[in-house]
Amino acid sequence: FRRVLFRSNEIQNNIATNNVDLVQFALLTDRVKMNQGQLQVYGTQMEINEEGTSFVPIPCIDKVNLNNRRKLVGLNSIEEGIKEMNLNYRHLLTK
């Protein structure tokens, strides 16, 4: 369902006319990419690192420009996103 919605002309037209919440679009884009085994675009999907001490983004395209892409859709930096995840879901981390 997400893949069909993501590809629809309606959503693309709504993006062009600013009728879509770009943060939600970024979340949807990354979920669809991740579920298709592809790299994320915005780094919105995270997992816990091997040590269990911090969240890290599931692999993304072009990491050098990641924060630029995030800013364009209204997301904070990946560093701030990681801090928020670590704070909000600290109960899942090992100390």
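Residues numbered from 1 in each chain as written. Predicted model: local features only at pLDDT ≥ 70, side-chain atom pairs only at ≥ 80, totals over all residues. Heavy atoms only, no water.

Draft legend 1. The arrangement of the environment of Ala-26 in detail. Among the structural elements, Ala-26 can be located in helix H3 (residues 22–35). Here the alpha-carbon distance between Ala-26 and Val-73, two residues 47 residues apart in the chain, equals 7.0 Å. (Helix = DSSP H or I, 4+ residues; strand = E, 2+ residues; numbered from the N terminus.)

Draft legend 2. Geometry of a nonpolar patch on the surface. The grouping of Ile-48, Tyr-89 and Leu-92 at the surface amounts to a nonpolar patch, some 260 Å² of accessible area in total. With a relative accessible area of 38%, Tyr-89 lands in the partly exposed category. (Patch = residues over 30% accessible without salt bridge, like charges linked within 9 Å, V, L, I, M, F, W, Y side chains within 5 Å. Areas by Shrake-Rupley, 256 points an atom, 1.4 Å probe, with all protein chains shown as cover. Salt bridge = Lys/Arg side-chain N within 4 Å of Asp/Glu carboxyl O. Buried < 20%, exposed > 50% of the residue type's maximum accessible area, 1.4 Å probe, protein only.)

Draft legend 3. Fine view of the environment of Ile-61. Relative to the helices and strands, Ile-61 resides in the loop between strand E2 (55–57) and helix H4 (66–72). Judged by its relative accessible area of 34%, Ile-61 falls in the partly exposed class. Here Ile-61 is in contact with Leu-39, Gln-40, Val-41 and Arg-69, once residues within four sequence places are set aside. (Contact = heavy atoms within 4.5 Å.)

Draft legend 4. View of the nonpolar core. In this structure, Met-46, Phe-55, Cys-60, Leu-66, Ile-78, Ile-82 and Leu-93 together form the largest nonpolar core, which totals seven residues. The contact partners of Ile-78, leaving out residues within four places of it in the chain, are Gly-43, Met-46, Pro-57, Leu-66, Asn-67 and Arg-70. Grouped together as the second largest cluster of nonpolar side chains are six residues, Phe-25, Val-41, Val-73 and Leu-75 included. (Core = buried A, V, L, I, M, F, W, Y, C linked by side-chain atoms within 4.5 Å.)

Draft legend 5. Focus on the packing of aromatic side chains. Applying the stated criterion to the full structure yields one aromatic pair. With 6.2 Å between their ring centres and 65° between their planes, Phe-55 and Tyr-89 make a pair best called edge-to-face. You can see Phe-55 sitting in strand E2 and its partner Tyr-89 sitting in the segment after helix H5 (78–88), a full 34 residues away along the chain. Using a relative accessible area of 6% as the deciding quantity, one classes Phe-55 as buried. (Phe/Tyr/Trp six-rings, centres within 6.5 Å; stacked < 30°, edge-to-face > 60°.)

Draft legend 6. Local environment of unusual backbone geometry. Positive phi is not limited to glycine here, since Asp-62 has a value of about 35°. For Asp-62, the location among the structural elements is in the loop between E2 and H4.

Draft legend 7. Focus on the confidence of the model for the protein. When the pLDDT values of the protein are averaged, the result is 87; 80% of them are 70 or greater. Ranking the helices and strands of the protein by mean pLDDT puts H5 first, with 98, and helix H1 (residues 2–7) last, with 52. (pLDDT = per-residue confidence, 0-100.)

Draft legend 8. Region of interest: H5. Among all positions in H5, only Ile-78, Gly-81, Ile-82 and Asn-86 are buried. End-on view of H5: buried residues confined to an arc of 135°, all on one side of the axis. With respect to the buried face of H5, the exposed residues turned more than 90 degrees away are Lys-83, Leu-87 and Asn-88. (Arc of directions from axis to C-beta.)

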